[in-house]
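Residues per chain are reported as follows:
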Amino acid sequence: MRLEAVSNSGPFIHLWQIGQLQLLAMFNRLLTTEQVIAEITASGRLREEDLAVLSNLQICSVTQDEIEDTRKQLFGFELHAGELSALRLAQKEEVELFLTDDLEARRAAKSLGLEPHGSVGILVLAYRKGILSLSQTEEALFALLHKSSLFLTPAIVEQAIQLIKAAIGE
């Protein structure tokens, strides 16, 4: 099965903060926008060289007019240019999987018929695909909680771990 996704900034930033950016390489095709790249490389975050581990990454152009059209389409949602450009790209490329750690962007993605997943879901998928062991997944989930700028609660991390363990019968 081919895995294709469009990502906004959150998963890039949060996975990089815990040393797991390379997990995004599990997608056969990972798309993002120039606006998202500008956001994640601003103010001492990732460098473009950090993204070199992602040979599957395609950086696409979304015009300001397209962003404004998407803003109108998603009236009532409070979204930034990076989120709007990524949502527009997902629509243009007909990619259903939308990677975001932003709650408002998740809601907007759902309203467009997209399937949103965040960094926690990416870690769980990496476990399911055999890329991470159970202990590596648990370690990465706790790193997201304690070392990244992602707002997570211990309860969410525990819930993710319990779901994984339930799926394997532990």
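Description of the structure in this document. (Residues numbered from 1 in each chain as written. Predicted model: local features only at pLDDT ≥ 70, side-chain atom pairs only at ≥ 80, totals over all residues. Heavy atoms only, no water.)

## A few points about the overall build of the protein
- When its secondary structure is counted, the protein shows eight helices and five strands.
- Taken against the 2.2 N^0.38 rule, which gives 15 Å for 170 residues, the C-alpha radius of gyration of the protein at 16 Å falls within 12% of a compact globule.
- When the backbone C-alpha atoms are referred to their principal axes, the protein occupies close to 50 × 35 × 30 Å.
- When the accessible surface of the protein is summed, it comes to about 8700 Å², and 50% of that surface belongs to carbon and sulfur atoms.
- If you average the places of the 15 positive and of the 23 negative side-chain charges in the protein, the two averages end up 3 Å apart. (Helix = DSSP H or I, 4+ residues; strand = E, 2+ residues; numbered from the N terminus. Rg over C-alpha atoms; globule rule 2.2 N^0.38 Å. Areas by Shrake-Rupley, 256 points an atom, 1.4 Å probe, with all protein chains shown as cover. Lys, Arg positive; Asp, Glu negative; His and termini not counted. Charge placed at Lys NZ, Arg CZ, Asp CG, Glu CD.)

## Side note on the packing of helix H6 (residues 119-128) against helix H7 (residues 134-147)
- Running from N to C, H6 and H7 cross one another at 170°; their axes reach a closest spacing of 9 Å. The orientation of H6 relative to H7 falls into the category roughly antiparallel. The segment H6 lies against H7, with Ser119, Val120, Leu123 and Tyr127 engaging Leu134, Thr137, Ala140, Leu141 and Leu144.
- Grouping the amino acids of the contact of H6 with H7 by side-chain chemistry returns seven nonpolar, two polar and no charged. (Axes fitted to C-alpha atoms, helices over the stretch in contact; angles between N-to-C directions. Parallel < 35°, antiparallel > 145°, perpendicular 65-115°, else oblique. Contact = heavy atoms within 4.5 Å. Nonpolar A, V, L, I, M, F, W, Y, C, P; charged D, E, K, R; others polar.)

## Let's talk about unusual backbone geometry
- The phi dihedral of Glu94 falls on the positive side, at around 55°, and the residue is not glycine.
- For Glu94, a relative accessible area of 70% translates into the label exposed. (Buried < 20%, exposed > 50% of the residue type's maximum accessible area, 1.4 Å probe, protein only.)

## Things to note about the sheet that holds strand E4 (residues 97-99)
- Read from one edge to the other, the open sheet built from five strands follows the order E3-E2-E1-E4-E5, with strand pairing classed as parallel. At either end of the open sheet lies a strand with only one pairing partner, and these are strand E3 (57-60) and strand E5 (115-117). Within this sheet the neighbouring strands show an average axis-to-axis angle of 30°, counted without direction.
- With three bridges joining them, strand E1 (residues 4-7) and strand E2 (residues 29-33) adopt parallel strand pairing. By the bridge assignment, Glu4 is partnered in E2 with Arg29.
- Lying on the sheet, helix H4 (residues 81-93) is in contact with E1, E2, E3 and E4; it crosses E2 at an angle near 135°.
- Packed onto the sheet, helix H5 (residues 103-111) meets E4 and E5 and runs at close to 160° relative to E5. (Pairing = 2+ DSSP bridges.)

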